[in-house]
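Report on the structure
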Amino acid sequence: MPTAYVVLLVSNLIFATGYSVARIVLEDIGPATLAMARLTIGSLILVPWAWRGLTAAKLSREDHWRLALTGVVGFTLAFALGNWGLAHSTASNAALLITVEPASLILLSPLLLGERLSRGELLGAALAILGATVIVVNGIPGVTQALVPHWQGDLILVLSGLAYAAYSLIARPVLLRHPALVVTASSILWGAAGMLPLAALEWAAGPGPVWTSRAVTGTLYLGVVMTALGYAAWNWCLERVETPRVAIFLNLQPLGGALLGVWWLGERLTPFTVAGGILILAGLHLTVKARRRG
């Protein structure tokens, strides 16, 4: 398996842990505050790390606009909507509804980036997305009522998934011209700048955050591992692998997040979770196998 695929596999399993951690942290601090803290920590790590590249990079006006849009949409909106949705839903549903992101990337990449999947990869993608859908509705779409109790939070999570997809679609052309670390550091700075007004409004409305030991630990984990290192790894892969192929691996997050929610938060494990997981893994296997043949 190519190195980029291994990194995608590991990083998406790590990303899956973020939903359960964030769900716990949100009991003590607000959604915008958590997003602002993640972006601040990520900036403090990535900007010094990428400083030499940032000063040497010859970014065009279009690159600057794309990086600004990437930060505001892919970080500010995605993080804010993700946290607000998670506050009114479950960790499992947050992980499962992220399937909106790979589906959007696979559908839009041919139109916006001219990147396409082979027939085998399309079948693998379809199986992976079907598996995530089976888990999130906890049965057959249109029959089960499992999603209804959290529909408001879930709708916000769908919008968050679209914002995450926009991040990769907007950033991909810049990543073809500039190092991944430069793109990540620049976009995360824009994301932090965009999040500041939202966090200020949340602080003004009150009540303020309660920085318990679990809130501090969870925020540091989300900022260092999920944001700084996670997005550096994601952009490194996006620099080397076409967007729709990267998107298929995102379906590991619903599976990992659901299983972690069951184990850590006591959320219910159903036969549909198991069946959906099998479909996701089968889809990934088919995708990698088809890519090798290609």
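Residues numbered from 1 in each chain as written. Predicted model: local features only at pLDDT ≥ 70, side-chain atom pairs only at ≥ 80, totals over all residues. Heavy atoms only, no water.

**Quick word on the overall build of the chain**
Helix and strand counts for the chain stand at 14 helices and zero strands. Every one of the 294 residues in the chain was classed for burial, and the buried ones make up 54%. Of the contacts made within the chain by residues no fewer than 6 positions apart, 92% connect residues no fewer than 24 positions apart. Put simply, the chain shows about 13,000 Å² of open surface, and 70% of that area lies on carbon and sulfur atoms. (Helix = DSSP H or I, 4+ residues; strand = E, 2+ residues; numbered from the N terminus. Buried < 20%, exposed > 50% of the residue type's maximum accessible area, 1.4 Å probe, protein only. Contact = heavy atoms within 4.5 Å. Areas by Shrake-Rupley, 256 points an atom, 1.4 Å probe, with all protein chains shown as cover.)

**Some remarks on the packing of helix 10 (residues 180–205) against helix 11 (residues 213–240)**
The N-to-C vectors of helix 10 and helix 11 enclose an angle of 130 degrees; their axes lie 9 Å apart at closest approach. The angle between helix 10 and helix 11 places the two elements in the oblique class. Regarding helix 10 and helix 11, the two cross each other, and that crossing is right-handed. Contacts between helix 10 and helix 11 involve Ala 180, Leu 181, Val 183, Thr 184 and Ile 188 on the former and, on the latter, Thr 227, Tyr 231, Ala 232, Asn 235, Trp 236 and Glu 239. Here the residues of the contact of helix 10 with helix 11 are counted per class, giving seven nonpolar, three polar and one charged. (Axes fitted to C-alpha atoms, helices over the stretch in contact; angles between N-to-C directions. Parallel < 35°, antiparallel > 145°, perpendicular 65-115°, else oblique. Left-handed = near helix turned anticlockwise from the far one by under 90°. Nonpolar A, V, L, I, M, F, W, Y, C, P; charged D, E, K, R; others polar.)

**Focus: the packing of aromatic side chains**
One pass over the structure, following the stated rule, counts eight aromatic pairs. Each ring, one from Phe 15 and one from Tyr 231, has its centre 6.1 Å from the other, and the planes form 65 degrees; the classification is edge-to-face. In this pair, Phe 15 sits in helix 1 (residues 3–16) while Tyr 231 sits in helix 11, placing the two residues 216 residues apart along the sequence. Owing to a relative accessible area of 12%, Phe 15 belongs among the buried residues under this scheme. Seen in terms of ring centroids, Phe 79 and Tyr 164 are 6.3 Å apart; in terms of plane orientation they differ by 50 degrees. Their pairing is tilted. (Phe/Tyr/Trp six-rings, centres within 6.5 Å; stacked < 30°, edge-to-face > 60°.)

**Overview of the nonpolar core**
With 53 residues, the main nonpolar core has Leu 8, Leu 39, Phe 75, Phe 79, Met 195 and Trp 234 as its most contacted residues. With ten residues, helix 9 (residues 151–175) is the single largest residue contributor to this core. Listed in part, the eleven residues of the second largest apolar core include Val 21, Leu 26, Leu 34 and Met 226. (Core = buried A, V, L, I, M, F, W, Y, C linked by side-chain atoms within 4.5 Å.)

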